[in-house]
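As a plain string of letters, each chain reads:
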Amino acid sequence: MAKTKTGVLIINLGTPNSPSVADVRKYLREFLMDRRVIDIPFWRRFLLINFIIAPFRAPQSAKGYHELWTSEGSPLKVYGQQLEGLLQKALGQGFEVKLAMRYQSPSIKSVLAHFKDKGFKQLTIVPLYPQYASSSSGSTMEEVMNALKGWEVVPEIKMISQFFDHPLFIKAFAQIGQKYMTQSFDHYLFSYHGLPEHQILKSSCDNYCRLGDCCSVHISKNQYCYRAQCFETTRLLVKELGIKKENYTICFQSRLGKTPWIKPYTDEIIKQLARQGVKKVLTFSPAFVADCLETTIEIGVEYKNLFLENGGEYWQLVESLNVHPTWVECLKQLVLSHE
């Protein structure tokens, strides 16, 4: 008989096992070969990833991972392991909490194998992506279901597909940002991970994204539109922080390839702001709950340099939620609300 009644699986994107070029290449291949990430026919994806993107991108990405890496390892994984322990403590003996990664280790399949013979009444799955996207939350939930296919007894499954508007998620980010807002800034950036425009349009959105309108106005009818959720996340954050509409910009980073991605692009906004005379910028990245290559290196280093090169003077990144107490409490409430 199981000592606990509910297994809780928190899942983040993943990280290379080391910052070596070989391990980064392995990670990129697994990540980018996901049909939900690059949604083109298999043979084209195979050739593109294995003969163009992975061989040429891995050495460049490895440099970033070397800069990011700590003595404990990849921050995303380190924070994830710490979060696992803190959430376990917060939920107590009626739960067993485990961390998994969508790509690389610990894999979803291996963690669910650990859960298989526990006799759980329920499994609660929490992809650690605030805003839903097919290439992140959708891919993660699909992988979970694939791993469960061979189980003779499948317990009740609860999946938390999004939490961008949870009051404690907003409060946690605001609390971290407020410590920087004791000083004045000319402008505030809210930079989200980008997606190809066609992925937004084909999933559950209409032409609002294509037209560039503020999707947050239509969040009720576009509840699974990633871009709409990003606008709504920002609306809730600026309300909590007391930032005026004219003092912030929403933008999207990390685009890959030549196809149109959702706009506006972060790098273009940064150059535009600097050239307009904006000198001090505070930047939030509310699509990430743990610091990683896209926050610490891309925003914290590369975008900072871009801002300074174009005439800006001061650039500050608000770190991610990581293991903030309010974030742990948010996860606890999310799990308990799905009991």
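For every chain, the first residue of the written sequence is number 1, and numbering continues from 1 onward in sequence order. Only residues with pLDDT of 70 or above have their local features reported here, since the model is predicted, and side-chain atom pairs are shown and tallied only from 80 upward, although totals for entire chains, interfaces and linings are computed over all residues. Only hydrogens and water are removed before side-chain values are computed, so all heavy atoms of the structure are retained for them.

(A) Structural detail: the pattern of salt bridges. Counted as salt bridges are all cases of a side-chain nitrogen of Lys or Arg within 4 Å of a carboxyl oxygen of Asp or Glu. Summed over all chains, the structure comprises nine salt bridges. A salt bridge links R36 to E142; the shortest N-O distance between them is 3.4 Å. Taken together, the residues span a long stretch of sequence, with R36 in the loop between α1 (21-32) and α2 (42-68) and E142 in helix α5 (residues 134-148) at a distance of 106 residues. The partner of E143 in a salt bridge is R102, with the nearest N and O atoms 3.6 Å apart. One end of the pair, E143, is in helix α5; the other, R102, is in strand β2 (residues 95-103), and 41 residues separate them in sequence. Its relative accessible area of 26% is what places E143 among the partly exposed residues. Relative accessibility decides the category of a residue: with a 1.4 Å probe and only protein chains considered, values under 20% of the type maximum give buried, values over 50% give exposed, and everything between is partly exposed. On the accessibility criterion, R102 (11% relative accessible area) is buried. Secondary structure elements are taken from DSSP: a helix is a run of H or I of four residues or more, a strand is a run of E of two residues or more, and numbering for both begins at the N terminus.

(B) Seen up close, the packing of aromatic side chains. Whether two aromatic rings pair depends on their centres lying within 6.5 Å, for rings of Phe, Tyr and Trp, where Trp uses its six-membered ring; planes under 30 degrees apart make the pair stacked, over 60 edge-to-face, and the rest tilted. Applying the stated criterion to the full structure yields 16 aromatic pairs. Ring centres of F31 and Y103 lie 5.1 Å apart, and the angle between their planes is 55°; this geometry places the pair in the tilted category. You can see F31 sitting in helix α1 and its partner Y103 sitting in strand β2, a full 72 residues away along the chain. When sorted by exposure, F31 lands in the same class as Y103, which is buried.

(C) Main features of unusual backbone geometry. Of note, the bond from S105 into P106 is cis; its omega dihedral lies within 30 degrees of zero at -5°. Relative to the helices and strands, P106 resides in the loop between β2 and α4 (108-115). Note the cis peptide between K263 and P264, where omega equals 0°. Its identity as a non-glycine residue notwithstanding, Q104 has a phi of 70°, on the positive side. Within the secondary structure layout, Q104 lies in the loop between β2 and α4. Within the chain, N322 stands out as a residue other than glycine whose phi angle is a positive 50°. Mapped onto the secondary structure, N322 falls in the loop between β8 (314-317) and α12 (325-337). For N322, a relative accessible area of 8% corresponds to the buried category.

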